[in-house]
Amino acid sequence: MKAIYKSIFFSVALLVGMVSCDKDELPPTGPQDNAEKLVVGTYSGAWTRLNVDTDEVVTGSGSITFSVSDAYSNNVSVITLDASGIDLGIAEPMTSVCNITRLSSGEFTYWNQTAANPFGVQFYGKVSPDGEATMTFSRTLKEGRKDVNFQFTFAGNKQ
């Protein structure tokens with residue numbers, strides 16, 4: 001039985017070695033598209049806060065503003081949040097940085113996976129070619145002595 005397993009393993013390794021080729025090349029990525037400059041502007045819309053435990057929903061108006069800073073490199077944008085009538089659980093000023101890139105579909109995606117950013121949470125979102133921005137993040141907030149899990153979403157259009 002060991003001989004069968006060894007021969008199968010050897011055959012697979014040999015096949016993989018024959019299939020791989022040193023002449024494979026990655027296609028060129030093209031020039032920098034400066035995605036951070038292409039989404040600059042304010043996107044106004046609505047924030048939604050969903051209490052994950054009770055399914056209670058609270059909505060409020062607000063905006064997301066993307067701007068560019070010379071302090072950061074290509075594909076890094078400065079993002080500022082604004083919310084009225086809804087607590088996002090983020091301390092003022094609600095400004096952070098995010099990575100941003102343009103997908104082949106023309107849609108932009110942005111994110112910050114470092115929970116140590118000024119928002120204190122990992123977040124991500126998209127901006128469509130038509131100027132619609134979305135954002136999502138989760139946060140645990142204290143209500144009294146109890147920890148409550150919330151999911152925050154934003155949807156808005158470029159002004």
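Residues numbered from 1 in each chain as written. Predicted model: local features only at pLDDT ≥ 70, side-chain atom pairs only at ≥ 80, totals over all residues. Heavy atoms only, no water.

1. Describing the packing of aromatic side chains
Under the definition given, this model contains 7 aromatic pairs. Both rings, one in Phe-66 and one in Tyr-110, keep their centres 5.0 Å apart while their planes meet at 75 degrees; by these two values the pair is edge-to-face. With Phe-66 in strand β2 (residues 57–67) and Tyr-110 in strand β5 (residues 108–112), the pair connects residues that are 44 residues apart, well separated along the chain. Here the two residues Phe-66 and Tyr-110 agree in accessibility, since each one is buried. Arranged with centres 5.1 Å apart and planes meeting at 45 degrees, the rings of Phe-119 and Phe-123 form a pair that is tilted. Of the two residues examined, Phe-119 and Phe-123, each falls in the buried class. Grouping aromatic residues by their ring pairs yields a cluster made of Trp-47, Phe-137, Phe-150, Phe-152 and Phe-154. In this structure, Arg-49 is placed above the aromatic ring of Phe-150, and the distance from its NZ or CZ to the ring centre is 4.7 Å. (Phe/Tyr/Trp six-rings, centres within 6.5 Å; stacked < 30°, edge-to-face > 60°. Helix = DSSP H or I, 4+ residues; strand = E, 2+ residues; numbered from the N terminus. Buried < 20%, exposed > 50% of the residue type's maximum accessible area, 1.4 Å probe, protein only. Lys NZ or Arg CZ within 6 Å of the ring centre and 35° of its normal.)

2. A few points about the sheet that holds strand β7 (residues 132–143)
What the 8 strands build is a closed barrel, ordered β1-β2-β3-β4-β5-β6-β7-β8; its pairing is antiparallel. This sheet shows a mean twist of 30 degrees between the axes of neighbouring strands, independent of strand direction. Of the strand pairs in this sheet, strand β1 (residues 41–51) and strand β8 (residues 146–158) are connected by 9 bridges, and their pairing is antiparallel. Pairing of Ser-44 across the sheet is with Asn-157, part of β8. (Pairing = 2+ DSSP bridges. Axes fitted to C-alpha atoms, helices over the stretch in contact; angles between N-to-C directions.)

3. Details of the environment of Val-76
Summarising the element assignment, Val-76 is placed in strand β3 (residues 76–84). The spacing of Val-76 and Lys-37 is 39 residues in sequence and 9.3 Å in space, taken between C-alpha atoms. Discounting residues that sit within four places of it in the chain, Val-76 has contacts with Glu-36, Val-97, Cys-98, Asn-99 and Ile-100. (Contact = heavy atoms within 4.5 Å.)

4. Some points on the nonpolar core
Judged by nonpolar contacts, the single largest core of 29 residues is most densely connected at Trp-47, Ile-79, Leu-81, Leu-88, Tyr-110 and Met-135. Sorting the residues of this core by element identifies β1, β2, β3, β4 (95–102), β5, β6 (123–127), β7 and β8 as the ones contributing at least two each. (Core = buried A, V, L, I, M, F, W, Y, C linked by side-chain atoms within 4.5 Å.)

5. Notes on the pairing of β2
Judged from the 10 bridges that link them, β1 and β2 form a sheet pairing that is antiparallel. Note on β2: the bridge partner recorded for Leu-50 is Val-57. Between β1 and β2, which pair antiparallel one after the other, the connecting turn spans 5 residues, and Asp-55 there sits at a positive phi close to 65 degrees. The pairing of β2 with β3 spans 7 bridges and is classified as antiparallel. Within the sheet, the bridge partner assigned to Ile-64 lies in β3 and is Leu-81.

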